[in-house]
Amino acid sequence: MEIIIIPVTPFAQNCSLIWDAGSKQGAFVDPGGDIQKLICAASDNQVTIEKIILTHGHLDHVGGTVELAKYYDVPIVGPHLGDKFWLDALMQQSQMFGFPPATPFVPNQWLSDNDTISVGELTLEVLHCPGHTPGHVVLVERISNKVIVGDVIFAGSIGRTDFPQGDHQQLLDSINAKILTLPDDMVIYPGHGPTTTVAKEKASNPYVASQWG
């Protein structure tokens, strides 16, 4: 899996442009905004966008979804149904965070734990990782040893749980059961900040490392 990280929105959210190197078929993961920047990135890399994939329903991850899906005439996949209330409340989220108005929408497909998503010849494994939001999912690509984790875990930190229906213990359980059991050398692509690895977070992330010493 080829991947380019494109920071978008005032929150510097890491939108991922992913594609299968052989077919150049690709997808955007979490297109929070800055649509022209995303379109240019796909064009510059000669990637044919076939779908949009969402890890969760927060505005900085989904704000550009409707416009981008219309531009490419592609389906919206994810997140888990547990985040429907966040997508329904996109207008209120826009007002809360001072973002341009975002239109509520319903994905073409909700995701569940252990689903798979095809992108060209790639297969993404879906892991349901609630805690930051109840419907958060992460995307594992085994061949290239990469995982896109949204706001579940960051380099040296974890996602916030002070939003509606956030749950700190549930988030820790998701990280320990789903993320840190992946191969140690798997590269983690968070929704904000730099990439990291499973081994680094097991060794030094202050929220979870004590359980992996």
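Keep in mind that this is a model prediction, so the values were computed, not measured. (Residues numbered from 1 in each chain as written. Predicted model: local features only at pLDDT ≥ 70, side-chain atom pairs only at ≥ 80, totals over all residues. Heavy atoms only, no water.)

S.K.: Any chance you could break down the pattern of salt bridges for me, citing the residues and the numbers?
M.R.: The final tally for this structure, using the stated rule, is 6 salt bridges. Lys 84 is the salt-bridge partner of Asp 88, the closest N and O atoms lying 2.8 Å from each other. With Asp 88 and Lys 84 both in helix α4 (residues 84–88), this residue pair falls 4 residues apart, about one helical turn. Given a relative accessible area of 38%, Asp 88 falls into the partly exposed group. For Lys 84, a relative accessible area of 34% translates into the label partly exposed. Note that Asp 113 and Lys 178 form a salt bridge whose closest N and O atoms lie 3.3 Å from each other. Of this pair, Asp 113 sits in the loop between β6 (109–111) and β7 (116–119) while Lys 178 sits in helix α6 (residues 168–179), and the two are 65 residues apart along the sequence. Overall, Lys 178 belongs to the partly exposed group, its relative accessible area being 23%. (Salt bridge = Lys/Arg side-chain N within 4 Å of Asp/Glu carboxyl O. Helix = DSSP H or I, 4+ residues; strand = E, 2+ residues; numbered from the N terminus. Buried < 20%, exposed > 50% of the residue type's maximum accessible area, 1.4 Å probe, protein only.)

S.K.: How would you summarise the environment of Gly 150 if you had to cite specific residues and measurements?
M.R.: Considering the arrangement of structural elements, one finds Gly 150 in strand β10 (residues 146–150). Given the relative accessible area of 2%, Gly 150 is considered buried. On a C-alpha basis, the gap between Gly 150 and His 56 in space is 7.4 Å, while along the polypeptide they are 94 residues apart. Residues contacting Gly 150, with those up to four places away along its chain left out, are Asp 30, Thr 55, His 61, His 136, Tyr 189, Pro 190 and Gly 191. (Contact = heavy atoms within 4.5 Å.)

Take it as geometry only, folks, not as evidence of what the structure does.
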